[in-house]
Amino acid sequence: MGFGKLWLFFSTLFVILIFQFSFSKYQMREPPCQLKRDYSPTYTKEGDIVIGAFLSLYMKPEWHIDKKFFKNPPVRKTVETWYMLKHYQHFLTVQFAVDEINKDPHLLPNVTLGYQFLNNFHQSQMAVENSLMWLSGKGPTIPNYSCDRQHKSMVVIGGMSSTLSMAMATLLGLYKVPQLTYGLFDLLLSDEVQYPFVYQLGSRESTLHLAAVQLMLHFGWTWVGLVISDDLTGEQFFRLLKEEMASNGLCLAFTEGVPKNFKHEDDDIKLLSRILGSSSNVIFIYGNTDSLNLFSELLAFFVLYGKMLVISSSWDYSADSINEMMINFHGTLIFSQSKREIPGFTDFLRSVHPCANPEDIFLKSFWEVVFSCILSERRTLDMLFSQCDESLSFAEVPPIFFDKSIMEKSSNIYNGIHLLAHALHQILQTEAKDLSELVANPLLSWKLLHFLKCVNPVNGIKNELCGDGPSMTAETYDILNFRSLPGKIWTEVKVGEVIPHEKVLSINEEDIDWPEDFPQIPTSTCSVACGPGFRKQLREGQPICCFDCTLCPDGKISNKTDTVQCMQCPEDQYPSKEKDRCLPKTMTYLTYEETLGMFLAFAALCFSILTTFVLGVFVMYRDTPIVKANNRSLSYILLTSLILCFLSSLLFIGRPTPAICILRQTTFAIVFTVSIGSILAKTITVVLAFRATKPGSQLRRWLRPAVSHSLIFICTLIQMCLCSIWLGTDPPFLEMDTHSEASFIVIQCNEGSLVTFYCVLGYMGFLALVSFTLAFLARNLPDTFNEAKYLTFSMLVFCSVWISFLPTYQSTKGKAMVAMEIFSIVVSSAGILICIFAPKCYVILLRADRNTLEILKNKSNH
């Protein structure tokens, strides 16, 4: 047997022996009306008005019997002695509050308060027995029979839990005795029909769910498990918490209710397995010590590995835990009602000593247990424990036995006694003429409840909403951090504070000791947060906290974490590569400095120079047969227009201006029309020249240069009219294209009316098609006059280029569209130049021997 178990055995034995000896003298002198049985010990301090204090100090051992098989002997279920010892502070709080009121000359003058301690042993049957004893004035008696001639007790404070309070209220309510409960607020006790004489001092914890959500939001815990008591209070908390979490984008991974009793033997293991198997790392536990009793017993033997616990102070997690298991709660965060400091309580503790008040059997028993000594000579215990040292004081009591700071329930008791004193003060001034009438009249006794619920006893202000406990807006919670230190030292350190109704949370993360499973702040999420550049895509059929991260579509960004929808960048900005921010777009256009613009400009200039060279050759060899054979004036016009065509493409390069937008398309259209008109005139001239060779033909008059020039003029005039209509209705204009290129704003010319623009192109295409048709039909004319083959090829190239241009032009945007038009202009013009004039230049420059009239005649004869 280890030292701890041996110490526990002797401690338990010591407590039982003390109880048997200390309370035996109270069982010898039995009043005549008392029943022959054991009963709970009491301690009374007399006064004009005596307050019945139903408190809990020790827990009686229970016996667990295997009712199904009776195979095993009864097993004694015990907890370590100090579980209920730390609640001795409740007794001291009653004594301190009563003494403080008796010393106040302005509160209840000429009236002395007293108290009667009754120990419930934290059991319902003892609470009922004590209630019966308190009503009779002595030990357990026959109901409705009082042993006391004058009953000075008017009100009761108790019990510590809702179960004890209900047990007491069942009997006390029959006699309309006001009962002030100091335990956790319970919805069942607020039933005015079933418990009309109960006033709850405990906090409603109406905003605990708000405080819990504030903590989750602070640490980013979006996926939290919940363990609640399987009762009305737990259900209400679950409903409020779930609603608040949903409004803040938080989710419950699971919700487990702890019943009063498990229906099947393995239900407890299944409950623990579901909790451990959850993907949530943070678990919030809500309930009081009694309602979570079975869960506390589970944690006394099993560890919730990898789980961060967040609890409320209403659950005493140490209730069923032995020393070795308390370390498993290290790092737990606790929501506790802000403790009120009671002035003078520390000084009061220095004055408390069994020698100063030897009749206080509870103080005597507490003293002997915590210091492992005896205060009087008892031969039965001399062999185990020594005499208590008179120098001992509360300052030397270990923290595991007694909390030096005021606990929440102690604060409730203190407030309740002061509220009661003010209520009695009000009644004595308004309802009762003197103290004897107040004590004798039972109707005035239960009217105390009205003052407590509907009238502020301190200032007399009436409250239309009569109810229990403090208001919801008054709740403030301290955030405590439980620490298990070496040497079995346990402490709760305040690390933060939260005011739920104001949504204010302050917490010092550096002061928090996290559980050993978490070297840093725990994370509890169903899915990893989506960083900037991504958006959340919910998984079908799962909570909103479970999602996948998808990259924002083109043109959109997300600059926050867990964005649901990506946002569009302004038109003058574009998304970064990571799609986490918008960057300003750069102004751009086709320039001479960039490669594409430089290449196109170079090609246009080269071909214009080449065309000029060809024109110069034709002018220099204007009297040669090959130049004169095909109407040299039309060749001059065609070459000049081709030069202008090449140069017009330069208008498309460089920063556009409104004037350039108007000039470049119209200039290109008119100059190209002159070129095609010249080719059409050449083609017609070839055809007419062949037919005019017959004697007496009337077609000779159509071969005059004036006719060809007139044809070119008419074709050009029609194009000029179309351009005038275009400019007069919806002309080209300068625009900023923010959509063509993602990271640039393209400065370009909008063509305005696309119908007119395509009419202009269509007219040129019509002229080219007529020229191509005529040239194709005249391709078999004699070689002497046959320029038709070259014209056919030139028009074929021209039509091919511009037919390909139309769909490509429609499918491209920005600078590429401009470059495509320049390319089409240069290529089509170069095609005309090469197809028509390259063969002639070859003959003129390289084969001058063939550029004679005799050679041409010989070719025509073949």
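Everything in this summary refers to the structure shown in the same document. All figures in this text were calculated on a predicted structure; none of them were measured in a lab.

Of the regular secondary structure elements, the chain holds 26 helices and 25 strands. Going through the 862 residues of the chain one by one, you find that 49% of them count as buried. Of all intrachain contacts in the chain linking residues separated by at least 6 positions in sequence, the fraction that spans at least 24 positions is 70%.

Considering the arrangement of structural elements, one finds Y414 in helix α14 (residues 408-430). Taking relative accessible area as the criterion, Y414 reaches 4% and is therefore assigned buried. Not counting residues up to four positions away in its chain, the partners in contact with Y414 are T93, F96, A97, E100, R340 and I342.

The two faces of a sheet get side chains in turn, since along a regular strand they alternate between them. The element strand β6 (residues 153-157) is largely enclosed, with a buried count of five among its five residues. Relative to β6, strand β2 (residues 49-55) runs parallel, the two being bridged by four bridges. Counterpart to V50 in the pairing with β6 is S153. A crossover connection joins β6 to the parallel strand β7 (residues 179-181) through helix α5 (residues 162-172); in handedness this β-α-β unit is right-handed.

With respect to topology, eight strands assemble into an open sheet ordered β10-β9-β11-β12-β13-β14-β15-β16, the strand pairing being mixed. The outermost strands of the open sheet, each flanked by one partner alone, are β10 (251-258) and β16 (504-507). Across the sheet, the mean angle separating the axes of adjacent strands is 25 degrees when strand polarity is ignored. On the sheet, helix α7 (residues 232-247) packs against β9 (223-229), β10 and β11 (282-286) and is oriented at approximately 160 degrees with respect to β9.

For the rest of this paragraph, the subject is the nonpolar core. Among the nonpolar cores identified, the biggest contains 63 residues, and Y88, L92, V94, L113, F117, F394 and I417 are the most heavily contacted of them. At the level of secondary structure, the elements contributing two or more residues to this core comprise β2, α3 (88-102), β5 (113-119), β6, α11 (345-351), α12 (361-371), α14 and α17 (448-454). The residues contacting L113, other than those within four sequence positions of it, are E46, G47, I49, I51, V98, I101, N102, L108, A421 and L424. Judged by nonpolar contacts, the second largest core, of 59 residues, contains A601, I679, I822 and F837.

The geometry of two aromatic rings is summed up by the distance between their centres and the angle between their planes. Taken as a whole, this structure holds 36 aromatic pairs when the rule is applied. Ring geometry for Y43 against Y115: centres 6.4 Å apart, planes inclined by 55 degrees, an arrangement best described as tilted. Of the two residues, Y43 sits in strand β1 (residues 42-45) while Y115 sits in strand β5, which places them 72 residues apart along the sequence. By relative accessible area, which is 7% here, Y43 ends up buried. Seen in terms of ring centroids, F284 and F335 are 6.1 Å apart; in terms of plane orientation they differ by 40 degrees. Their pairing is tilted. Of this pair, F284 sits in strand β11 while F335 is found in strand β13 (residues 333-337), placing the two residues 51 residues apart along the sequence. The buried category is assigned to F335, whose relative accessible area is 2%. These aromatic residues form a ring-pair network of at least three members: Y43, Y88, F91, Y115, F117, F362, F366, W367, F371, F394 and F402. The ring centre of F547 lies 4.9 Å from the NZ or CZ of K536, which sits over that ring.

What follows covers the side chain of S678. Within the element layout of this structure, S678 appears in helix α21 (residues 658-691). Only 2.8 Å separates the side chain of S678 from the backbone oxygen of V674, close enough to count as a polar contact. Apart from residues no more than four positions distant in its own chain, S678 is found in contact with L634, I637, L638 and I712.

In this section: the state of the cysteines. Every disulfide links exactly two cysteines, by a covalent bond between their sulfur atoms. A full pass over the atoms with the stated rule returns seven disulfides. Here C526 connects covalently by a disulfide to C546, the sulfurs 2.0 Å from one another. Taking the sign of the S-S torsion, about 105 degrees here, the bridge from C526 to C546 comes out right-handed. Within this pair, whereas C526 is found in the loop between β16 and β17 (534-538), its partner C546 is found in the loop between β17 and β18 (547-551), the two being separated by 20 residues in sequence. Linked covalently through their sulfurs, C552 and C566 form a disulfide whose S-S length is 2.0 Å. Classification of the bridge connecting C552 and C566 rests on its S-S torsion, roughly -80 degrees, and on that basis the disulfide is left-handed.

Between two packed helices, the angle of one axis relative to the other and the distance separating the axes together describe the packing. Packing of helix α18 (residues 595-620) against helix α25 (residues 815-846) brings their axes to within 10 Å, and their N-to-C directions diverge by 30 degrees. Here α18 lies roughly parallel to α25, going by the angle between them. The chirality of how α18 crosses α25 is left-handed. Counting all contacts with α18, which are made through L596, L600, A603, A604, F607, L610, T611, F613, V614, V617 and F618, the residues of α25 involved are A819, I822, F823, V826, A830, L833, I834, F837, K840, C841, I844 and L845. In terms of residue class, the contact of α18 with α25 is built from 21 nonpolar, one polar and one charged.

Taken together, L610, F613, Y842, L845 and L846 make up a surface patch of nonpolar side chains, about 500 Å² in accessible area. Contributions of two or more residues to the nonpolar patch are made by α18 and α25. Of the residues forming the nonpolar patch, the biggest block, three residues, is contributed by α25. Residue position: L846 is located in helix α25. Among the residues examined, L846 registers a relative accessible area of 61% and is labelled exposed.

Taken together, the three strands give an open sheet; going across it, the order is β23-β25-β24, and neighbouring strands pair in mixed fashion. At either end of the open sheet lies a strand with only one pairing partner, and these are β23 (586-588) and β24 (733-737). Sheet twist, expressed as the average angle between the axes of neighbouring strands with direction ignored, equals 30 degrees.

The subject of this paragraph is the pairing of strand β15 (residues 489-499). Bridge count between strand β14 (residues 477-485) and β15: nine bridges; the pairing is antiparallel. Across the sheet, residue D478 finds its bridge partner in β15, namely E497. Taken together, β14 and the strand that follows it, β15, pair antiparallel across an intervening segment of three residues, in which G487 is found at a positive phi of about 85 degrees. Inspection of the sheet shows β15 paired to β16 by four bridges, in the antiparallel sense. Residue pairing for β16: V498 is matched across the bridge by L505. In this antiparallel pair of consecutive strands, β15 and β16, the connection spans four residues, and K503 shows a positive phi of 55 degrees.

Taken across its eleven residues, α12 has ten buried, putting it largely inside the fold. If you check which residues of α12 are buried, you get I361, F362, L363, S365, F366, W367, E368, V369, V370 and F371. Of the residues flanking the start of α12, the one acting as N-cap is D360, its side-chain oxygen 3.1 Å from the backbone nitrogen of F362. Directly after α12, the chain includes S372, whose backbone phi takes a positive value near 50 degrees.

Calculation notes
- Numbering of residues starts from 1 in each chain and follows the order in which that chain's sequence is written.
- The model is predicted, so local features are restricted to residues of pLDDT at least 70 and side-chain atom pairs to those at 80 or more, both for listing and for counting; the totals for chains, interfaces and linings are taken over all residues.
- For the side-chain quantities, the full set of heavy atoms in the structure was used; hydrogens and water were omitted.
- Each helix is a run of H or I in the DSSP string that is no shorter than four residues. Each strand is a run of E no shorter than two, and both are numbered from the N terminus.
- The classification of residues rests on relative accessible area computed with a 1.4 Å probe and restricted to protein chains. Under 20% of the type maximum is buried, over 50% is exposed, and intermediate values are partly exposed.
- Residue contacts are counted whenever heavy atoms from the two residues lie within 4.5 Å of one another.
- DSSP bridges decide pairing: two strands pair if at least two such bridges lie between them.
- When the strands point away from the viewer, a crossover counts as right-handed if the route from the first strand across the helix to the second turns clockwise.
- Lines fitted to the C-alpha atoms define the axes, with helices restricted to the stretch that makes contact. Angles between their N-to-C directions range from 0 to 180 degrees.
- Buried Ala, Val, Leu, Ile, Met, Phe, Trp, Tyr and Cys residues form a nonpolar core when they are joined through side-chain atoms within 4.5 Å.
- Two rings from Phe, Tyr or Trp (for Trp, the six-membered ring) form a pair when their centres sit within 6.5 Å of each other. Planes less than 30 degrees apart are called stacked, planes more than 60 degrees apart edge-to-face, and all others tilted.
- To sit over a ring, a charge needs its Lys NZ or Arg CZ within 6 Å of the ring centre and within 35 degrees of the ring normal.
- Contacts described as polar in this section are N or O atom pairs within 3.5 Å, which, within protein, must combine one atom able to donate a hydrogen with one able to accept it, while residues neighboring in sequence count only if both atoms come from side chains.
- Two cysteine sulfurs form what is called a disulfide whenever their separation falls within 2.5 Å.
- Convention used here: angles under 35 degrees read as roughly parallel, angles over 145 as roughly antiparallel, angles from 65 to 115 as roughly perpendicular, and any remaining angle as oblique.
- Handedness of a crossing follows from how the near helix is turned relative to the far one, being left-handed for an anticlockwise turn of less than a right angle and right-handed for a clockwise one.
- Polarity classes work like this: nonpolar for Ala, Val, Leu, Ile, Met, Phe, Trp, Tyr, Cys and Pro, charged for Asp, Glu, Lys and Arg, and polar for all others, with Gly in that last group.
- Candidates for patches are residues over 30% relative accessible area with no salt bridge; among them, like charges are joined within 9 Å and nonpolar side chains (Val, Leu, Ile, Met, Phe, Trp, Tyr) within 5 Å.
- Values of accessible area rely on a 1.4 Å probe in the Shrake-Rupley scheme; residue burial ignores everything except the protein chains shown.
- Between Lys or Arg on one side and Asp or Glu on the other, a salt bridge is scored when a side-chain nitrogen of the former is within 4 Å of a carboxyl oxygen of the latter.

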